[in-house]
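One letter stands for each residue in the lines below.
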Amino acid sequence: MDCGYFTSGACRSCRWLEMAYADQLAQKQQRVAAALGDVRWEEPVSSPEAGFRNKAKMVVAGSVEAPTLGILSHDGLGVDLLACGLHTPGLQSALPVLSRFVTTARLTPYSVPERRGELKHVIVTEAPGGELMVRWVLRSTEALSRLRKHLPALLDELPIAVASVNIQPAHKAVIEGPEEIFLTAREALTMEVNGIGLRLRPHSFFQTNTSVAAALYRHARDLVSSVSPATVWDLYCGVGGFGLHVAAPGREVLGVESSEQAVEAAASTAAELGLPGTSWVAGDAAAYALSAGSAPDLVIVNPPRRGIGSALAGWLEESGVEHVVYSSCNVDTLARDLGDMPSLRPVSARLLDMFPNTDHHEVLVLLKRTRRRVGRS
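This section reports on the structure supplied with the text. (Residues numbered from 1 in each chain as written. Predicted model: local features only at pLDDT ≥ 70, side-chain atom pairs only at ≥ 80, totals over all residues. Heavy atoms only, no water.)

### Some details on the sheet that holds strand β7 (residues 160-167)
The strand order β4-β3-β2-β5-β6-β7-β8 describes an open sheet built from seven strands, whose pairing is mixed. Either end of the sheet is taken by a strand with one partner, and the two such strands are β4 (78-80) and β8 (179-182). When strand polarity is set aside, the average angle formed by the axes of neighbouring strands in this sheet is 40°. Note: strand β3 (residues 67-72) against β4, three bridges, orientation antiparallel. Considered in β4, the bridge of isoleucine 71 is made with valine 79. Packed onto the sheet, helix α3 (residues 89-104) meets β2 (55-62), β3, β5 (119-126) and β6 (132-138) and runs at close to 150° relative to β5. Contacts from helix α4 (residues 144-157) reach β6, β7 and β8 within the one sheet, and its direction differs from that of β7 by about 165°. (Pairing = 2+ DSSP bridges. Helix = DSSP H or I, 4+ residues; strand = E, 2+ residues; numbered from the N terminus. Axes fitted to C-alpha atoms, helices over the stretch in contact; angles between N-to-C directions. Contact = heavy atoms within 4.5 Å.)

### A closer look at the packing of aromatic side chains
On inspection of all chains with the given rule, the structure shows four aromatic pairs. Summarising the aromatic geometry, the rings of phenylalanine 101 and tryptophan 136 are spaced 5.5 Å apart at their centres and angled 40° between planes, so their arrangement reads as tilted. Taken together, the positions of phenylalanine 101 in helix α3 and tryptophan 136 in strand β6 put the pair 35 residues apart, joining distant regions of the chain. In this pair, the class of phenylalanine 101 matches that of tryptophan 136, namely buried. Considering the side-chain rings of tryptophan 233 and tyrosine 288, the 5.4 Å spacing of their centres and the 70° angle between planes classify their relative orientation as edge-to-face. (Phe/Tyr/Trp six-rings, centres within 6.5 Å; stacked < 30°, edge-to-face > 60°. Buried < 20%, exposed > 50% of the residue type's maximum accessible area, 1.4 Å probe, protein only.)

### With respect to the sheet that holds strand β11 (residues 231-235)
Judged by pairing direction, the sheet is mixed, and its eight strands sit side by side in the order β1-β16-β17-β15-β14-β11-β12-β13 without closing on themselves. In this open sheet, the two edge strands, each paired with only one partner strand, are β1 (40-41) and β13 (278-282). As judged from the five bridges shared by strand β12 (residues 252-257) and β13, these two strands associate in the parallel manner. Bridge assignment links leucine 254 to a residue of β13, and that residue is serine 279.

### Digging into the packing of helix α2 (residues 21-36) against helix α10 (residues 331-339)
As a packed pair, α2 and α10 sit with axes 9 Å apart at the nearest point and diverge in direction by 15°. The orientation of α2 relative to α10 falls into the category roughly parallel. Crossing geometry of α2 relative to α10 is assigned as right-handed. On α10, the residues that touch Arg31, Val32, Ala35 and Leu36 of α2 are Val331, Asp332, Leu334, Ala335 and Leu338. (Parallel < 35°, antiparallel > 145°, perpendicular 65-115°, else oblique. Left-handed = near helix turned anticlockwise from the far one by under 90°.)

### Regarding the pairing of β11
Burial within β11 is extensive, with four of its five residues counted as buried. As paired strands, β11 and β12 are joined by five bridges and run parallel to one another. Bridge pairing links leucine 235 to valine 256 in β12. One crossover worth recording links β11 to the parallel β12 by way of helix α6 (residues 241-246), and it is right-handed. In terms of strand pairing, β11 meets strand β14 (residues 298-301) through four bridges, oriented parallel. The residue bridging aspartate 234 from the neighbouring strand is isoleucine 300, located in β14. (Right-handed = clockwise from strand over helix to strand, strands pointing away.)

### Some details on unusual backbone geometry
Even without being glycine, tyrosine 236 reaches a positive phi, approximately 60°. For tyrosine 236, the location among the structural elements is in the loop between β11 and α6. The exposure class of tyrosine 236 is buried, given its relative accessible area of 17%. With a phi close to 75°, asparagine 357 is a non-glycine residue in the positive phi region.

### Concerning the side chain of serine 343
Mapped onto the elements of the fold, serine 343 is located in the loop between α10 and β16 (344-352). For serine 343, a relative accessible area of 3% gives the class buried. Excluding anything up to four places from it in sequence, serine 343 contacts Glu317, Lys368, Arg369, Thr370 and Arg371.

### Let's talk about the environment of aspartate 2
With respect to the element layout, aspartate 2 can be found in the segment before α1 (4-8). On a C-alpha basis, the gap between aspartate 2 and valine 60 in space is 24 Å, while along the polypeptide they are 58 residues apart.

### A look at the pattern of salt bridges
On inspection of all chains with the given rule, the structure shows 14 salt bridges. Glutamate 157 serves as the salt-bridge partner of arginine 100, at 3.4 Å between the closest nitrogen and oxygen. With a gap of 57 residues between them, arginine 100 in helix α3 and glutamate 157 in helix α4 connect regions that are remote in the sequence. The network of salt bridges with common partners includes Arg135, Glu176 and Glu180. (Salt bridge = Lys/Arg side-chain N within 4 Å of Asp/Glu carboxyl O.)

### A word on the nonpolar core
Counting residues in each nonpolar core, the largest one holds 43 residues, and the members touching the most others are Leu198, Ile300, Val325 and Leu364. Contributions of two or more residues to this core are made by β7, β9 (189-193), β10 (196-200), α5 (210-227), α6, α7 (260-273), β14 and β17 (362-369). At nine residues, α5 tops the list of elements feeding residues into this core. Non-local contacts of valine 325, meaning those with residues more than four positions away in its chain, are made with Leu223, Val224, Leu298, Val299, Ile300, Val301, Leu364, Val365 and Leu366. Core analysis: the next-biggest nonpolar cluster, separate from the first, contains 36 residues, Leu82, Val102, Leu107 and Leu138 among them. (Core = buried A, V, L, I, M, F, W, Y, C linked by side-chain atoms within 4.5 Å.)

Set out below in structure tokens:
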């Protein structure tokens, strides 16, 4: 990808940009293989090198008349990245319009050095069908009336399905706050993946690379089908990406997620698809497993970078669960977790390149129980 921001030194986030993509994949494969040891590797899933990122988290700086949407420099000033080549074409078209809207609605950009102003971030997500979710992160509700006044014209210009204001008053490195004020009737963006309409609300997690996420879910579905479990738990289920993909007649699927909004979204999609064998619980994944009186045939885990941790790994080791499908964005914590459950060994693994031009990676691993603890039949 040819990037003027990288060449000029304005943004160096894509640290591997000057490396040939084939070499990027090879280095990532070598890295994850070294961490996991003896396991059968499937062919890596590659990504487009540009135009793949479905979400733009833009720091707003500058002035009302000349806002910047991008990142902050080391001295806290704005660096405009409207033409970032990582974003989908739809986002690249929308960002200049949203930049002009800052001026139209008189939204004062927040100045980090001076600790004044209102608008901190603009967060935009594009669905595969082209619809957008746009969120303005503000310090207060001071600009809310102006946003509402000028929003109809913006809706005529862009395919915005969901628009909201997030309130984040604190001066700290936290992108958003807990309060969300919706400006549209719709509160969820439909991300259609493999024919399944996943409902994404403002605080819900979704993979930022839609095409690779689709491959991730398909491969997980294939892994689950290969062992034909009657019962499945999807821990850290989010909006139900894994659980909804592996649901099948005669199979019970239970999803657990700490976000109540995400659980509601998953349940709504399941109802729309007519999947009566699914259920969804809002709660901590590890706490749910540790308090459960029984275990399923297979568990899917998709934890954050910190991994599942010793408590859940220990429960899986002792549970009698026959198979685990582990989706990891951090092979180091994955390797640590595997050390805490030695009876569950990886039998196949696959690298999925969610984040081209960086050293970040996604790995999907199938674990199989190789021995039972003493006393278990």
